[in-house]
Amino acid sequence: MTIICNYKVENIIHEDSQFIINDDLISKTVLITTGNGAFKPKAFPLPIPTSIDNKLSYFVKNPQDYQNKEVAVLGGGDSALDWALELSQYAKVSLIHRRNQFRGLESNVEKVKHNSQISVLTPYLPANLIDNSGRCELSLKKVGTDETKTIVFDNLIVAYGFRANNRFVKKWGIELENDLIKVDRKMETSVKGIFAAGDSVGYDGRVPIIGIGFGEAQVAITSIMQTIFPNKKMTIHSTSI
Ligand SMILES: Cc1cc2nc3c(=O)[nH]c(=O)nc-3n(C[C@H](O)[C@H](O)[C@H](O)COP(=O)(O)OP(=O)(O)OC[C@H]3O[C@@H](n4cnc5c(N)ncnc54)[C@H](O)[C@@H]3O)c2cc1C
C-alpha cells in the first residue's frame, strides 16, 4: 500500500477499465471520501484594516496562543461553540451571534452558558471594525434595534461555517443529489468502479457522523474487493478487510 499526503485529486479519467488520477496514478477502482468537499470558510463581512488583519482568524491552530487574551468568537454553530469552550481555558471569550438560539450541540450550549470565562452576546451583528492601538475595536449592532455597542478585543475568531461542495466530481461523470454523491447499497456511485463513503455521500436518512462513515467505508471496501477479485473467497465478518 502506498500512502500519498498533501495531494489534491483534480481529475479522474476512465480508460481501458482503469482510472487515471491527475494523469499520474492508475487504479482499478476509486473510493471517494472527500467529506464536504473543497471548502473555504465564510468570510468576515466587513472591511478589515490591514494593520490588524493578522488578528482575525478562521481557524485556531494552537489555543495556547490566546493565553490571557480577550477574544471574540463570531458564529452560532458547532465550531463557534467548540472554539469558545476550548479558548475559555486560556482566554476571556465573548461569543457573538446574530440569533438568541445556537445551532450547535445542546450540551455545549449549556456548557457555554454556565462558563464564567464566556460572555454570550446575542442577537448582535458586527457593524464596523477598526484598529485601536493594534487591537480590534468591534462595533456591534443589536439585531432589530438601533442599539449599538463597541468592544475592543485582542483577537477575532470567525466561525461562520464553510462554503463547501462536491460539485467538482460531476466532471468525472458522477451523479449528485442535493450536492451529495448518489450511491447504491454497495456504496458504488453512478460510475462503475468509483465508490464513495462518508459525508460526501447522501441518501435518505443518512446522518453525517463518524460512525456512519466508518460503516460505509467497510461496505465500500468489501464491494471494491469483490469487484477486483470476483473469485476470491473473503471472510466478510473480519474487520481486517
Ligand atoms: C464542528 C463539527 C463537530 C462535529 N462533531 C462530531 C461528533 O461529535 N461526533 C461525530 O460522530 N461526528 C461529528 N462531526 C461530523 C464528523 O466530523 C464527520 O461526519 C466526519 O469527519 C466525516 O468524515 P469524512 O471522512 O467523510 O470527511 P472529512 O473528515 O471531512 O474528510 C474529508 C477529507 O477529504 C479531503 N479532500 C476533500 N476534497 C479533496 C480532493 N479533491 N482531493 C484530496 N482530498 C480532498 C479533505 O481535505 C479532508 O481531509 C462534526 C463535524 C463538525 C464540522
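For the structure itself, look to the data block above.
Description of the structure in this document. What you see is a predicted model, and the numbers here were worked out from it, not measured in a lab. (Residues numbered from 1 in each chain as written. Predicted model: local features only at pLDDT ≥ 70, side-chain atom pairs only at ≥ 80, totals over all residues. Heavy atoms only, no water.)

## Focus on the pairing of strand S7 (residues 70-74)
Each regular strand shows side chains that alternate between the opposite faces of the sheet.
Link 1 in the chain: When you tally the buried positions in S7, you get four out of five residues, the bulk of the element.
Link 2 in the chain: In the sheet, S7 pairs with strand S8 (residues 92-96) via five bridges, with the strands oriented parallel. Paired with Val71 across the strands is Val93, a residue of S8.
Link 3 in the chain: This β-α-β element, S7 to helix H1 (residues 78-87) to S8, shows right-handed connectivity. (Buried < 20%, exposed > 50% of the residue type's maximum accessible area, 1.4 Å probe, protein only. Helix = DSSP H or I, 4+ residues; strand = E, 2+ residues; numbered from the N terminus. Pairing = 2+ DSSP bridges. Right-handed = clockwise from strand over helix to strand, strands pointing away.)

## A word on the sheet that holds strand S3 (residues 25-27)
Link 1 in the chain: Read from one edge of the open sheet, three strands run S1-S2-S3, paired in antiparallel fashion. This sheet does not close on itself; its edge strands, each paired only once, are strand S1 (12-15) and S3. Within this sheet the neighbouring strands show an average axis-to-axis angle of 25°, counted without direction. (Axes fitted to C-alpha atoms, helices over the stretch in contact; angles between N-to-C directions.)

## Section: a positive patch on the surface
Link 1 in the chain: There is a patch of like positive charges on the surface, built from Lys40, Lys42, Arg98, Arg99, Arg103 and Arg163.
Link 2 in the chain: Summarising the element assignment, Arg163 is placed in strand S14 (residues 162-165).
Link 3 in the chain: Residue classification places Arg163 among the exposed residues on the basis of a relative accessible area of 56%. (Patch = residues over 30% accessible without salt bridge, like charges linked within 9 Å, V, L, I, M, F, W, Y side chains within 5 Å. Areas by Shrake-Rupley, 256 points an atom, 1.4 Å probe, with all protein chains shown as cover. Salt bridge = Lys/Arg side-chain N within 4 Å of Asp/Glu carboxyl O. Lys, Arg positive; Asp, Glu negative; His and termini not counted. Charge placed at Lys NZ, Arg CZ, Asp CG, Glu CD.)

## With respect to the pairing of strand S13 (residues 155-158)
Link 1 in the chain: Side-chain alternation along S13 places Asn155 and Ile157 on one buried face and Leu156 and Val158 on a second face that is also buried.
Link 2 in the chain: For strand S6 (residues 56-57) and S13, the ladder comprises two bridges, and the chain directions are parallel. For Ser57, the partnering residue across the bridge sits in S13 and is Ile157.
Link 3 in the chain: Here four bridges tie S7 to S13, and the two strands are oriented parallel to one another. Residue pairing for S13: Ala72 is matched across the bridge by Leu156.

## Considerations on helix H3 (residues 210-228)
Link 1 in the chain: In this model, H3 (19 residues) spans 27 Å end to end at C-alpha, consistent with the 27 Å of a helix rising 1.5 Å per residue.
Link 2 in the chain: Looking at H3, one finds that the buried residues are Gly213, Glu216, Ala217, Ala220, Thr222, Ser223 and Ile224.
Link 3 in the chain: The secondary structure elements touched by the buried residues of H3 are strand S4 (30-32) and strand S17 (194-196). (Expected span 1.5 Å × (residues − 1). Contact = heavy atoms within 4.5 Å.)

## Here's the deal with the nonpolar core
Link 1 in the chain: Ile12, Val30, Ile32, Val169, Ile174, Ile181 and Ile194 are the most contacted members of the largest nonpolar core, which totals 19 residues.
Link 2 in the chain: Mapped by element, the contributors of at least two residues to this core are strand S2 (18-21), S4, S17 and H3.
Link 3 in the chain: Here this core gets three residues from one element, more than from any other, and that element is S17.
Link 4 in the chain: Not counting chain neighbours up to four residues away, the residues in contact with Val30 comprise Ile12, Phe19, Ile21, Gly193, Ile194 and Phe195.
Link 5 in the chain: Among the nonpolar cores identified, the runner-up in size contains 18 residues, and Ala80, Ala84, Leu85 and Ile118 belong to it. (Core = buried A, V, L, I, M, F, W, Y, C linked by side-chain atoms within 4.5 Å.)

## With respect to the environment of Glu147
Link 1 in the chain: Here Glu147 is to be found in the loop between strand S11 (135-142) and strand S12 (148-153).
Link 2 in the chain: On the basis of relative accessible area, Glu147 is assigned to the partly exposed category, the value being 38%.
Link 3 in the chain: As for Glu147 and Val219, which are separated by 72 residues in sequence, their C-alpha atoms are 55 Å apart.

## Some words on the site of the ligand
Link 1 in the chain: Surveying the vicinity of the ligand reveals 14 residues, the closest of which are Val9, Gly35, Asp199, Pro208 and Ile210.
Link 2 in the chain: Contact distances for the ligand include 2.8 Å between an oxygen atom and a backbone N or O atom of Asp199.
Link 3 in the chain: Interatomic distance of 2.9 Å between a backbone N/O atom of Ile210 and an oxygen atom of the ligand.
Link 4 in the chain: With the chains in place, 51% of the 1,000 Å² that the ligand exposes on its own is no longer accessible.
Link 5 in the chain: The residue inventory of the shell around the ligand, partitioned by class, reads six nonpolar, five polar and three charged. (Near = heavy atom within 4 Å. Polar contact = N/O pair within 3.5 Å; in protein donor to acceptor, adjacent residues only side chain to side chain. Nonpolar A, V, L, I, M, F, W, Y, C, P; charged D, E, K, R; others polar.)

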